Amino acid sequence: MKICDNVNLSVFKTDKFNSISMSVSFVLPALEYTTTGNNLLAGMFFEGCEKYKIPKKIYTRLEEIGAEAYSSVVKKGDYSILVLYCKFRAEYTKDAFEFMKNIIFEPMFYDEAVKNQVKATKDRIDAEKNDKRTYAREKLISYAFKNRPFGVDGNGCERFLNMDIKEYYYYLMENSKIEIMVVGNINEKQTEDLCRKYLNFGPRGFEYPEDEKEETPYQSYSEKADVDQSKLCIGINAEFDSWEKAVIANCILGGGAGSVLFSDVREKQGLCYYIVSSLYRYKEYIVVESAINYEEKDNVINSVKEALEKFSPTSEEIARAKRYIVSSLKTTGDSQTRIMDFKIGQILAEDNRSLDEILKSINEIDSLENTFKRLEINTVFSLESEKYALQEQT
């Protein structure tokens with residue numbers, strides 16, 4: 001439902017849950033400025049506002065209305081999304097909307113609170129560096145999508161940590177696309193009225209990310225690190241028309257312990273400690289992650305290339321993957337948060353289908369012939385022990 005230009009409301013009426021959940025998502029193109037700003041700002045909404053000056057008063061009010069609230073920042077495709085959540089009982093619906101109004105439209109920016117959020121954001125950036133598996137994957141993506149929104153780290157970057165958070169708040173409020181979602185036993189008209197009264201965002205323009213697809217030659221990078229096992233990530237261009245077919249294919253290729261890559265590269269050849277693949281829906285891209293001994297690097301890359309060239313799933317593999325994917329997707333309806341996350345994903349993918357329609361489409365697939373227009377390795381990144389890592393791009 002359109003509230004005004006680039007402000008939308010989605011209501012999912014259901015009596016499955018004992019409470020009502022609401023989310024307000026601020027969607028912006030992923031830039032170093034916006035990802036850092038979103039991470040800095042997310043916690044500020046709970047540091048104090050005009051009506052509830054300090055965090056203690058905010059959480060006291062939540063207790064009074066039997067609610068809980070929190071924030072998060074997620075990156076989906078070319079977008080950085082700051083999300084505010086509130087979960088409450090039906091009898092406190094009006095109070096919950098009023099609470100969200102207070103923290104969203106009248107936040108305070110105390111110096112000490114700003115320092116707290118700068119430290120928290122820096123800690124998240126550092127934590128990613130210390131998680132070598134995550135760090136290797138994010139580095140691969142940053143190289144494969146250099147100077148493009150998808151290549152920007154969702155946790156932000158250190159060079160923007162000293163930005164003016166209050167100034168960024170006004171930038172977010174004026175320029176973000178806003179998606180409001182409510183899940184629970186609530187009337188749609190009542191919800192619309194409450195949104196228009198308490199979450200009175202004005203119409204706004206929204207600039208979609210500019211991202212022209214670039215053909216890049218094969219590229220390989222490596223870094224030194226204090227690791228025993230090298231972390232190897234392989235990026236694969238995977239053009240496809242059907243997302244459902246691509247999901248099934250990726251599940252068979254590297255989705256778990258029974259996958260092609262696991263069975264061959266790890267179990268049969270013993271070339272790695274683990275190997276998995278992930279499909280990035282918004283960019284038609286697959287990332288293969290593995291932990292290896294350095295001397296097996298070329299063997300693993302060649303084995304992945306061979307697996308891609310020979311990839312021809314059997315009907316049994318397709319059926320098994322479909323059962324797993326359908327079972328996993330069905331759990332979406334068991335969580336209010338997952339329902340809202342599914343919906344925002346569909347919006348960004350410009351896919352208007354419901355979950356039931358997608359499940360039906362998956363169940364009707366019996367062949368993966370011509371799923372991918374191509375499967376080509378275009379970027380490799382390895383995090384290696386200091387005695388092995390290359391000093392320059394190969």
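Refer to the preceding data block for the structure.
These numbers come from a predicted model, not from an experiment.

So, the packing of helix H1 (residues 32–42) against helix H6 (residues 165–175)
Axis angle and axis distance: for two packed helices, these are the angle between their axes and the distance between the axes, and together they describe the pair.
Point 1. Between H1 and H6, the least distance of the axes is 10 Å, while the angle of their chain directions is 110°. Judged by the inter-axis angle, H1 sits roughly perpendicular to H6. Of the residues in H6, those touching H1 at Tyr 33, Thr 34, Gly 37, Asn 38, Leu 40 and Leu 41 are Ile 165, Glu 167, Tyr 168, Tyr 169, Tyr 171 and Leu 172.
Point 2. A per-class count over the contact of H1 with H6 returns eight nonpolar, three polar and one charged.

A short note on unusual backbone geometry
Point 1. With a phi close to 65°, Asn 6 is a non-glycine residue in the positive phi region.
Point 2. Here Asn 6 lies in the loop between strand E1 (2–4) and strand E2 (7–13).

As for the pattern of salt bridges
Point 1. Across all of its chains, the model carries 30 salt bridges by this definition.
Point 2. For Glu 64, the salt bridge goes to Arg 61, with nearest N and O atoms at 3.2 Å. On the criterion of helical spacing, the pair formed by Glu 64 and Arg 61 is a turn pair, its members being three residues apart in helix H2 (residues 55–64).
Point 3. Residue Arg 61 is classed as buried on the basis of its relative accessible area, which comes to 19%.
Point 4. Between Lys 122 and Asp 126 there is a salt bridge, and its shortest N-O distance comes to 2.9 Å. Of the two residues, Lys 122 and Asp 126 both sit in helix H4 (residues 111–130), four residues apart, roughly one turn of that helix.
Point 5. Members of the salt-bridge network, linked through shared partners, are Glu 244, Arg 281, Asp 351 and Arg 353.

What about helix H12 (residues 336–348)?
Point 1. Over its 13 residues, H12 runs 19 Å from end to end, which matches the ideal 18 Å to within 8%, given 1.5 Å per residue.
Point 2. Within H12, the full set of buried residues consists of Gln 336, Ile 339, Met 340, Ile 344, Gly 345, Gln 346 and Leu 348.
Point 3. Looking at the buried positions of H12, the neighbouring elements they touch are E2, strand E3 (20–29), strand E4 (68–76), strand E5 (79–88), strand E6 (177–184) and helix H13 (355–363).
Point 4. Where H12 begins, the side chain of Ser 335 points an oxygen toward the backbone nitrogen of Thr 337, at a separation of 3.3 Å.
Point 5. Where H12 terminates, the next one or two residues include Glu 350, which has phi positive at roughly 55°.

As for the nonpolar core
Point 1. Within the largest apolar cluster, 51 residues are counted, with the highest numbers of intra-cluster contacts made by Phe 26, Leu 41, Met 100, Ile 104, Leu 199 and Phe 201.
Point 2. It is helix H3 (residues 93–105) that provides the largest number of residues to this core, a total of six residues.
Point 3. When neighbours within four sequence positions are excluded, Leu 199 is seen to be in contact with Met 22, Val 24, Phe 97, Met 100, Lys 101, Ile 104, Phe 105, Ile 180 and Leu 194.
Point 4. Grouped together as the second largest cluster of nonpolar side chains are 42 residues, Ile 234, Cys 251, Val 326 and Phe 372 included.

Section: the packing of aromatic side chains
Point 1. Tallied over the entire structure, the rule returns 19 aromatic pairs.
Point 2. Between Tyr 33 and Phe 160 the ring centres are 5.8 Å apart and the planes differ by 70°, which places this aromatic pair in the edge-to-face class. With Tyr 33 in helix H1 and Phe 160 in the loop between helix H5 (132–144) and H6, this pair connects stretches of sequence that are 127 residues apart.
Point 3. Measuring from centroid to centroid gives 6.4 Å for Phe 46 and Tyr 59, while their planes differ by 20°, and the two rings are stacked.

Points about the sheet that holds strand E9 (residues 274–280)
Point 1. Strand order in the open sheet made by the five strands is E7-E11-E8-E10-E9, with mixed pairing throughout. Here the strands that pair on one side only, and so sit at the sheet edges, are strand E7 (219–225) and E9. Here the average twist between neighbouring strands, direction ignored, is 20°.
Point 2. The pairing of strand E8 (residues 230–240) with strand E11 (residues 372–385) spans 10 bridges and is antiparallel. The residue bridging Ile 236 from the neighbouring strand is Ile 377, located in E11.
Point 3. Together, E7, E8, E9, strand E10 (285–292) and E11 form the strand contacts of H5, whose direction differs from that of E11 by roughly 130°.

What to know about the sheet that holds E1
Point 1. Sheet architecture is open: six strands sit in the order E1-E2-E6-E3-E5-E4, paired in mixed fashion. Only two strands of the sheet have a single partner each, and these edge strands are E1 and E4. When the angles between neighbouring strand axes are averaged without regard to direction, this sheet yields 20°.
Point 2. The sheet contact formed by E1 and E2 spans two bridges and is antiparallel. Its bridge partner being in E2, Lys 2 is matched across the sheet by Asn 8.

Things to note about the state of the cysteines
Point 1. Tallied over the full model, the rule gives zero disulfides.
Point 2. A disulfide-free cysteine, Cys 251 has its sulfur positioned 17 Å from the sulfur of Cys 272, the nearest such atom.

Some thoughts on the pairing of E4
Point 1. In this sheet, E5 lies alongside E4 in antiparallel orientation, the contact comprising nine bridges. Note that in E5 the partner of Val 73 across the bridge is Leu 82.
Point 2. Turn length for the E4-E5 hairpin, with the two strands adjacent in sequence and antiparallel, is two residues, and the turn residue Gly 77 shows positive phi of about 60°.

Brief notes about the pairing of E5
Point 1. The buried count for E5 comes to nine of 10 residues, which makes it a mostly enclosed element.
Point 2. Pairing between E3 and E5: 10 bridges, direction antiparallel. Opposite Met 22, over in E5, you have Cys 86 as the bridge partner.

Parameters at a glance
Residues numbered from 1 in each chain as written. Predicted model: local features only at pLDDT ≥ 70, side-chain atom pairs only at ≥ 80, totals over all residues. Heavy atoms only, no water. Axes fitted to C-alpha atoms, helices over the stretch in contact; angles between N-to-C directions. Helix = DSSP H or I, 4+ residues; strand = E, 2+ residues; numbered from the N terminus. Parallel < 35°, antiparallel > 145°, perpendicular 65-115°, else oblique. Contact = heavy atoms within 4.5 Å. Nonpolar A, V, L, I, M, F, W, Y, C, P; charged D, E, K, R; others polar. Salt bridge = Lys/Arg side-chain N within 4 Å of Asp/Glu carboxyl O. Buried < 20%, exposed > 50% of the residue type's maximum accessible area, 1.4 Å probe, protein only. Expected span 1.5 Å × (residues − 1). Polar contact = N/O pair within 3.5 Å; in protein donor to acceptor, adjacent residues only side chain to side chain. Core = buried A, V, L, I, M, F, W, Y, C linked by side-chain atoms within 4.5 Å. Phe/Tyr/Trp six-rings, centres within 6.5 Å; stacked < 30°, edge-to-face > 60°. Pairing = 2+ DSSP bridges. Disulfide = S-S within 2.5 Å.

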